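# Structural overview
Here is how the chains run, residue by residue.
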Amino acid sequence: MDNFYNDWINACVSRAQMEILRPFKVALGAYDSLFKGDCLYYPLKGVIIFFDDWQNILPIYISAFFPTLLVQTIFEIMSFACLFPVNFLLMCCTAGPMGFLFALTTTRSEASSTAQKITNCLLPQDAILPPKMNSLFDHILCLTGNERVVIPGKLQRVVPPSPTAELFNISRWTSSLYAMVAATFIKLLPILGPAVSAYGNLLGDIHSRSSRLYRLQRLRRRQAEYYYLKQKEGHLFMLGLCIYLLEAIPIVGTLFFRFTNQIGVAYMQGLELQDKAAKQIEYLPTKDEQIGQSHVTSSGVKQ
């Protein structure tokens, strides 16, 4: 019982230390990303890959992305028109003049998510955007030499839940309601509320763009947040901000940069997988070390 209590105390202390140091790590990560130019490198790299590998990427863009995104853009404009007045009033009351900028960022993310859900409900399964974006993500991972992640992940068959199960999925509806109430409560917080809401939306956008990788690796949401978000939160925040600014450009941002930014995010994740694989290889014992270990073991046995 004492060991359990001590472990619980140590876990609480470690979590408190992590949360206290979190703002400083985010600020350092954001400064490092801005200083090195990573936040601009990956979006621009997505554009370069789009033109360099246009034979494979352009058919994906023409076949599904462009017409689907056109429909989704119409719904996004309608959702933005409905949500912006509410967010503008709430955030201007809590953040003053800065509420207008926070309302733009928050409403942009909420309208995009709402439009994507409406599009997925109205269009047939083979015409919606996510399957095409998943194939694009897989292609970019293979370009960076990560077939070992893509092929096993695609071979594992996932049976989607039935419409009836989705309709009566109480936990999903409960979590959605909780997220909506929590987001509304955060918006009402004076000064910090709109900034926290905009910050969470930028990180959530990067998280959703990388969801294909989590699916291939069979990671749960908490695992994905720890391995891919918490470790480099500041870098991803700056990347999300640059992606938001590019996609805020009228017409071109929605119809082109939204596609190339997905390529840039996939390229970033592919490079990180390669770096992790290289580090694991460095820690593996060499052939001479294995022979030495076996010699020591055999000597110990003889004695």
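So, here is what we can say about the structure in this document. (Residues numbered from 1 in each chain as written. Predicted model: local features only at pLDDT ≥ 70, side-chain atom pairs only at ≥ 80, totals over all residues. Heavy atoms only, no water.)

### A look at the pattern of salt bridges
As a reminder of what qualifies: By convention in these notes, a salt bridge is any Lys or Arg side-chain nitrogen within 4 Å of a carboxyl oxygen on Asp or Glu. Helical segments are the DSSP runs of H or I of at least four residues, strand segments are the runs of E of at least two, and each set is numbered from the N terminus. Classification of residues uses two cut-offs on accessible area relative to the type maximum, computed with a 1.4 Å probe and protein chains only: under 20% is buried, over 50% is exposed, and between them is partly exposed.
Throughout the structure, instances matching the rule amount to eight salt bridges. Between R108 and E247 there is a salt bridge, with the nearest N and O atoms lying 3.1 Å from each other. One end of the pair, R108, is in helix 4 (residues 99-122); the other, E247, is in helix 12 (residues 233-247), with 139 residues separating them in the sequence. The two residues R108 and E247 agree in class, both being buried. If you follow the salt bridges from partner to partner, you end up with E76, R108, D205, R209, E247 and R258 in one network.

### Re helix 9 (residues 192-209)
For an α-helix the count is 3.6 residues per turn, leaving residues at separations of three or four pointing the same way. We apply this condition: Expected span of a helix, by definition, is 1.5 Å for each gap between consecutive residues, and there is one gap fewer than residues.
Here helix 9 is 18 residues long and its end C-alpha atoms lie 26 Å apart, about the 26 Å a rise of 1.5 Å per residue gives. Of the positions making up helix 9, those classed as buried are G193, P194, S197, A198, N201, L202, L203, I206, H207 and R209.

### Brief notes about the packing of helix 2 (residues 38-52) against helix 12
Applied cut-off: In this description, a line fitted to the C-alpha atoms serves as the axis of each element, helices being fitted only across the stretch in contact, and the angle between N-to-C directions of two axes falls anywhere from 0 to 180 degrees. Roughly parallel means an angle under 35 degrees; roughly antiparallel, over 145; roughly perpendicular, 65 to 115; everything else is oblique. When the near helix sits turned anticlockwise from the far one by under a right angle, the crossing is termed left-handed; a clockwise turn instead gives a right-handed crossing. Contact between two residues is taken to exist if any of their heavy atoms lie within 4.5 Å; hydrogens are not considered. Classification convention: Asp, Glu, Lys, Arg as charged; Ala, Val, Leu, Ile, Met, Phe, Trp, Tyr, Cys, Pro as nonpolar; all other residues, Gly among them, as polar.
Packing of helix 2 against helix 12 brings their axes to within 8 Å, and their N-to-C directions diverge by 50°. The angle between helix 2 and helix 12 places the two elements in the oblique class. The two elements helix 2 and helix 12 meet at a crossing, and its hand is right-handed. Residue-level inspection shows C39, L40, Y42 and P43 of helix 2 in contact with helix 12, the latter providing M238, L239, C242, I243 and L246. For the contact of helix 2 with helix 12, the class distribution of residues is nine nonpolar, no polar and no charged.

### Examining the packing of aromatic side chains
For clarity, the threshold we go by: Stacked, edge-to-face and tilted are the three classes for Phe, Tyr and Trp ring pairs, Trp counted by its six-membered ring, which pair at centre distances within 6.5 Å; planes under 30 degrees apart are stacked, over 60 edge-to-face, the rest tilted.
The tally for this structure, following the rule as stated, stands at 15 aromatic pairs. With centroids separated by 6.5 Å and ring planes inclined at 55°, the aromatic side chains of Y42 and Y267 adopt a geometry described as tilted. You can see Y42 sitting in helix 2 and its partner Y267 sitting in helix 13 (residues 252-283), a full 225 residues away along the chain. Take Y267: its relative accessible area is 15%, and that puts it in the buried class. With centroids separated by 5.5 Å and ring planes inclined at 65°, the aromatic side chains of F256 and F257 adopt a geometry described as edge-to-face.

### Remarks on a nonpolar patch on the surface
Note the following rule: For patch building, the residue pool is restricted to those with more than 30% relative accessible area and no salt bridge; the joining distance is 9 Å between like charges and 5 Å between nonpolar side chains (Val, Leu, Ile, Met, Phe, Trp, Tyr). In these tables, accessible area is a Shrake-Rupley quantity obtained with a 1.4 Å probe, and a residue counts as shielded only by the protein chains included in the view.
A grouping of F88, L89, M98, F100 and L101 is seen on the molecular surface, where their side chains present a nonpolar patch of about 470 Å² in accessible area. Of all elements in the fold, only helix 3 (54-95) and helix 4 reach the threshold of two or more residues within the nonpolar patch. Here L101 lies in helix 4.

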